[in-house]
Amino acid sequence: DAGVIQSPRHEVTEMGQEVTLRCKPISGHDYLFWYRQTMMRGLELLIYFNNNVPIDDSGMPEDRFSAKMPNASFSTLKIQPSEPRDSAVYFCASRPTGAYGYTFGSGTRLTVV
Amino acid sequence: EDKVVQSPLSLVVHEGDTVTLNCSYEVTNFRSLLWYKQEKKAPTFLFMLTSSGIEKKSGRLSSILDKKELSSILNITATQTGDSAIYLCAGKGGSNYKLTFGKGTLLTVNP
């Protein structure tokens, strides 16, 4: 079991550029979550999917953020255009139906300069 | 909106000390409370609590839930430098699968 795999591990980009973060959940997990972590706000849920369908995107901060899950083994979180305040660690997590905890990926540390 | 508050935000102790971390929650249709440990990377699962008054224990760590007070504590006895981490508390409601996290407690254990 390779766990939840995120890429890239680190991303530094200039303000205004498009950023795409990637996630491969654990095989068989039908829930996928995107979280953002900052010192000020802690871990915040951005969006989650069930069986590749977005269920709750109320945490997506604004229209610059979008997420997709084209199949059970891949999801993306896109920020376009990026801003310095988007700098954070973005975590992807997955879980199977009926389980209690998530398994988190190692995160993508995004820095927007 | 669901809310989870942890205290203290940070704590510095010496090896061998016992620490208690606090978590209070306001979660609609509350079902369970989870504790995670986050070192350098991803949070890793510690405990899930669903019933009041029943202690969960794993080695030197233990946790208990008080549904009347809408709170939980995480105790660590005989702390070691390897316990240094951010400890996160999260509440889960019954209507969906999302976890609402607190901001965490940064524990530093000095030798």
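Above this text you will find the structure in question.
Values in this document were obtained by computation on a predicted structure and should not be read as measured data.

What counts as what
Residues numbered from 1 in each chain as written. Chains lettered and ligands numbered in written order. Predicted model: local features only at pLDDT ≥ 70, side-chain atom pairs only at ≥ 80, totals over all residues. Heavy atoms only, no water. Pairing = 2+ DSSP bridges. Helix = DSSP H or I, 4+ residues; strand = E, 2+ residues; numbered from the N terminus. Axes fitted to C-alpha atoms, helices over the stretch in contact; angles between N-to-C directions. Phe/Tyr/Trp six-rings, centres within 6.5 Å; stacked < 30°, edge-to-face > 60°. Buried < 20%, exposed > 50% of the residue type's maximum accessible area, 1.4 Å probe, protein only. Lys NZ or Arg CZ within 6 Å of the ring centre and 35° of its normal. Polar contact = N/O pair within 3.5 Å; in protein donor to acceptor, adjacent residues only side chain to side chain. Contact = heavy atoms within 4.5 Å. Disulfide = S-S within 2.5 Å.

Caption draft 1: Structural detail: the sheet that holds strand β7 (residues 61-66) of chain B. Residues and elements named next belong to chain B. Taken in spatial order, the 5 strands of this open sheet run β1-β3-β8-β7-β6, and their pairing is antiparallel. The sheet is open, and its two edges are formed by β1 (3-7) and β6 (56-58), each paired on a single side. Sheet twist, expressed as the average angle between the axes of neighbouring strands with direction ignored, equals 15°. Where strand β3 (residues 19-26) meets strand β8 (residues 71-76), 6 bridges bridge the pair, whose relative direction is antiparallel. Bridging across to β8, Asn-22 finds its partner in Ile-73.

Caption draft 2: Spatial organisation of the packing of aromatic side chains. Tallying each qualifying case throughout the model produces 14 aromatic pairs over all chains. Ring centres of A:Tyr31 and A:Phe33 lie 6.3 Å apart, and the angle between their planes is 15°; on these two criteria the pair is classed as stacked. Note on A:Phe33: relative accessible area 0%, which makes it buried. With 5.7 Å between their ring centres and 90° between their planes, A:Phe104 and B:Tyr36 make a pair best called edge-to-face. Of this pair, A:Phe104 sits in strand β10 (residues 103-104) while B:Tyr36 is found in strand β4 (residues 30-38), placing the two residues in two different chains. The exposure classification of A:Phe104 matches that of B:Tyr36, with both residues buried. Positioned over the ring face of A:Tyr31 is A:Arg95, at 6.0 Å from the centre of the ring.

Caption draft 3: Up close: the pairing of β4(B). Residue and element names in this part refer to chain B. Among the 9 residues that make up β4, 8 are buried, leaving the element largely enclosed by the rest of the structure. Here β4 pairs with strand β9 (residues 85-93) via 8 bridges, running antiparallel. What sits directly across from Lys-37, in β9, is Tyr-87. Here 6 bridges tie β4 to strand β5 (residues 43-49), and the two strands are oriented antiparallel to one another. Directly across from Leu-33, in β5, lies its bridge partner Leu-49. Here β4 folds back onto β5 in antiparallel fashion, the turn holding 4 residues.

Caption draft 4: Layout of the side chain of A:Ser75. Residues and elements named next belong to chain A. Tracing the sequence through the fold places Ser-75 in strand β8 (residues 74-79). Reaching out from Ser-75, the side chain makes a polar contact with the side chain of Trp-34 at a distance of 2.9 Å. At a separation of 2.8 Å, a polar atom in the side chain of Ser-75 contacts the main-chain carbonyl oxygen of Lys-68. Residues in contact with Ser-75, not counting those within four places in the same chain, are Leu-21, Arg-22, Cys-23, Leu-32, Trp-34, Phe-49, Lys-68 and Met-69.

Caption draft 5: Inspection of the state of the cysteines at higher detail. In this structure the tally under the stated criterion is 2 disulfides over all chains. There is a disulfide in this structure between A:Cys23 and A:Cys92, and the S-S distance comes to 1.9 Å. As the torsion about the S-S bond is roughly -65°, the A:Cys23-A:Cys92 disulfide counts as left-handed. With A:Cys23 in strand β3 (residues 19-24) and A:Cys92 in strand β9 (residues 88-95), this pair connects stretches of sequence that are 69 residues apart. For A:Cys92, a relative accessible area of 0% corresponds to the buried category. Put simply, B:Cys23 and B:Cys89 are joined by a disulfide, and their sulfur atoms are 1.8 Å apart.

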